[in-house]
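Report on the structure
If you want the building blocks of each chain, they are given just below.
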Amino acid sequence: MQTVPNSMPANIQIEDDRTGLETETLKRAFLDNLFYIQGKFPALATPNDYYMALAYTVRDRLLRRWLSSAELYTNSGSRTVCYLSAEFLMGPHLGNNLINLGIYNQVNQAIEELGLNLDELLQQEEEPGLGNGGLGRLAACYLDSLASLEIPAIGYGIRYEFGIFDQEIHNGWQVEITDKWLRYGNPWEIARPDWAVDVKFGGHTESFEDELEGRFRVRWVPYKVVRGIPYDTPILGYKVNTANTLRLWSAEAAESFDFAAFNSGDYLGAVQQKSDSENISKVLYPNDELYRGKQLRLEQQMFFVSCSLQDMIRIMAGQKLPLEDFHKKFAIQLNDTHPAIAVVELMRLLMDEHSMDWDKSWAIVHNTFGYTNHTLLPEALERWPIRLFGELLPRHLEIVYEINRRFLDDVRIKFPDDGDRLSRLSLIDESGEKYVRMANLACVGSAAINGVAALHSELLKQTVLKDFYEMYPEKFSNKTNGVTPRRFMVLSNPRLETLITSKIGDSWIKHLDELHKLEPFVNDPAFCAEFRQIKHAIKQDLANYIKVKTNIDVNPNSIFDIQAKRIHEYKRQHLNALHIVTLYNRIKANPNLDITPRTFLFGGKAAPGYYMAKLIIKLINSIGDVVNRDPDIAGRLKVVFLTDYNVKFAQRVYPAADLSEQISTAGKEASGTGNMKFAMNGSLTIGTLDGANIEIREEVGAENFFLFGLSAEEVVAKKAAGYNPMDYYASNPELKLVIDRISSGFFSSGDGNLFKPIVDDLLYRDEYMLMADYQAYIDCQDQVDHAYRDQDHWTRMSILNVARMGKFSSDRAIREYCEDIWKVQPVPIELDEYRQTQTTLNL
Ligand code: 26W
């Protein structure tokens, strides 16, 4: 307990340096941390030292909320959501914590009074890029909403030493650089080595008779054991006391190294085992949407899943709760199939390690899990070769067979004499080489199965999960994705936030539907002018940034037409490129063409092994090189590839867009979430009837959305009828000219071979139907060109987009998960005066 020295008058209040929020206290705490944690006098401090000092100052201010949340969850019987995800794409923590703590302005002032600049300090943070794209970022948005809604939750994942690679562009090509995000340390995490757990791999199983009950039991004798060390990061909710935990597992050798081998002189062999173990959490697989059956990936999945389940069992033991109540204490969500092995591992833990029988164990398991599917692409569906699976997880393979045997018995009862159905539903693919099908396992082991947008959830029922839908229709539902307005509006677009709040107050930040109150302001010329001026200022900022980074001049009065997302053929960045070449050709043919100036901005990484995606990046850069320099174009078109697009950069990009490109082939993009982030920052969308675009259009109104292209049904029908992309080439002179220009070597210094793989694919295969959608896309872009000329009208459409995006808050999505799937309630955290200041030990 803090005591006031005798000589001081008793009525003086001293703010604690670790918790106080007054400017003077914040300044003192900051300088203290600079000295005592960074070990620097201000004269020698680097920008990173300042960032670290501020990060610790902020972390101090959320620790009491964090520990109090953990304590209350431990002491109350509340059900906890465990979000299992191989990826968490958190983005920088500092700014977000300032917003959620509600101390952004105070800290800004304190930092300014110290002669520093908060924006510059925020830019110092190296973001934890522990995810590829949409799936990982969704997990991060959901953690923000879970905490903001005061739901007890733990995010469980892997603490990759190297996250998604940093991207550089050399001569137009992507080059991957190792992401050493931990280089300067991570002030947001706390290691908890006392809660380490061991995970077994390989070896064999033995059966034996239980001495006490005489029951058949199985013992697993592993080949190696890897230790998981948890690292915890607090996840503070917005203006609440709830601070949940993101618990990421780091792999270590169970023993420091093999001393027997060491003593016998095999030094390298001894160290080998240690580094093999540590490899498990070394690096994030940079493939999104393409599955590769790599052993290390299965090891990663098993590793974090087993650590997390053992952690939950430890938590129950600490609370003296009976394991029979596991499903009452925890609701576990599987973020795609990457953690689906959890279904089997929980069975194993309950039966083999805690002596529970099969039926009891299974009742717990299938009342615990929910499974979210994030993709319809067949090449993304995970399946493990039986041989690999059995060698690495011999006990799990036995359990998979037993789950399957019992499941197929159920299928036979519901659908007698249907052999084809049995083989489609089986957890084992026996059509050729045998595989374990992870989506089937997830479906059988879960009480709830959902897609991530209305169309996607429908297509799941009609295609990849059709048989499971017929078997268990009651398990299926839709949960349309959402994104957090704290990061993607308040933090990334403070000018818009201030304008909105000045008109409708700030409760929209927690209740995004309230943005509707903005609608009347479309008729308020002063509001519209201010709204437009803000957009212009943000575009100017991005233009300045681009000038510094690339030396390209972009015109802030041009349409900022942005496509920012992972590079993939189904997302059709190359369709966007065809549009650029179309406009280029038009101007070349008619230099006086009346055209609205446009800046085409692209951002996104290609999977390192995805040749076509990398070639698309090269194509965009090559077109840019020609277009940006051609004097005939006279600056009317600019093409910029924004290198190393990540969460930090995305926060600058969304607010600056006029036009958001959401042009995937209908039926391929499960939901999309960038589409939401653009629209809620006032960008208009040009898009297909795919994923959440459909619902965005429904919300903002068809008249405020640029729709084009084939529907998902039409895509299927056209393919069935025999699709010939060459027909479009042959019959559309403008398209022919575009393709011919690319294949002639015009954009590749005369090299007619460079882009041949793209051209040939479009002409002879065109899996993603760019040729079929080309004309509709161009026509729609012409409408955009015209619409942008009426700035008043454009601004009204833009404001209505913001006002009508309430549905796409991740708070809404999480509420739906809580009510329909997890059955969990908010548990508000109280911080009373005593808890605020208590510093005594209760030994
Ligand atoms: C095994 C390789 C692999 C890795 C990642 C396959 C598939 C994935 C993810 C499921 C890909 C992904 O990020 N999917 C995206 O999830 C978002 C969140 O639901 C959706 O908005 C995107 O449409 C979907 O592509």
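Scroll up a little and you will see the structure.
First things first, this report covers the structure right here in the doc. (Residues numbered from 1 in each chain as written. Predicted model: local features only at pLDDT ≥ 70, side-chain atom pairs only at ≥ 80, totals over all residues. Heavy atoms only, no water.)

1. Let's talk about the site of the ligand
Close contacts around the ligand come from 22 residues, with Glu 289, His 374, Asn 481, Glu 669 and Gly 672 the closest. His 374 is positioned such that a nitrogen or oxygen atom in its side chain is 2.6 Å from an oxygen atom of the ligand. Interatomic distance of 2.8 Å between a backbone N/O atom of Gly 672 and an oxygen atom of the ligand. For the ligand, whose unbound accessible area comes to 570 Å², protein coverage reaches 97%. Looking at the shell around the ligand element by element, the count peaks at three residues for helix α6 (residues 134–148). (Near = heavy atom within 4 Å. Polar contact = N/O pair within 3.5 Å; in protein donor to acceptor, adjacent residues only side chain to side chain. Areas by Shrake-Rupley, 256 points an atom, 1.4 Å probe, with all protein chains shown as cover. Helix = DSSP H or I, 4+ residues; strand = E, 2+ residues; numbered from the N terminus.)

2. Some points on the pairing of strand β9 (residues 204–209)
Within a regular strand, side chains alternate between the sheet's two faces. The pairing of β9 with strand β10 (residues 216–221) spans six bridges and is classified as antiparallel. Across the sheet, the residue bridging to Glu 206 is Arg 219, located in β10. Between β9 and β10, which pair antiparallel and follow one another directly, the connecting turn spans six residues, one of which, Gly 214, has a positive phi of 70°. (Pairing = 2+ DSSP bridges.)

3. Concerning the sheet that holds strand β20 (residues 559–564)
Strand order in this open sheet of six strands is β22-β21-β20-β23-β24-β25, and the pairing throughout is parallel. Both outer strands of the open sheet, β22 (637–642) and β25 (706–707), are each paired with one neighbouring strand and no more. Where strand β21 (residues 598–603) lies against β22, six bridges are found, and the strand directions are parallel. Paired with Thr 599 across the bridge in β22 is Lys 638. Lying over the sheet, helix α32 (residues 791–803) contacts β23 (659–662), β24 (684–687) and β25, oriented at roughly 85° with respect to β24. (Contact = heavy atoms within 4.5 Å. Axes fitted to C-alpha atoms, helices over the stretch in contact; angles between N-to-C directions.)

4. Things to note about the nonpolar core
Across soluble globular proteins, nonpolar side chains show a tendency to be buried alongside one another. Counting residues in hydrophobic clusters, the biggest one holds 185 residues, and the most contacted among them are Leu 84, Phe 303, Phe 326, Ile 403, Phe 706 and Trp 822. Ranked by residue count, the leading element in this core is helix α9 (residues 295–318), at eleven residues. (Core = buried A, V, L, I, M, F, W, Y, C linked by side-chain atoms within 4.5 Å. Buried < 20%, exposed > 50% of the residue type's maximum accessible area, 1.4 Å probe, protein only.)

5. Structural notes on the packing of aromatic side chains
Taken as a whole, this structure holds 24 aromatic pairs when the rule is applied. Aromatic pair Tyr 83 and Tyr 142: ring centres 6.2 Å apart, planes at 85°, arrangement edge-to-face. With Tyr 83 in strand β1 (residues 80–84) and Tyr 142 in helix α6, the pair connects residues that are 59 residues apart, well separated along the chain. Summarising the burial analysis for this pair, Tyr 83 and Tyr 142 share the class buried. (Phe/Tyr/Trp six-rings, centres within 6.5 Å; stacked < 30°, edge-to-face > 60°.)

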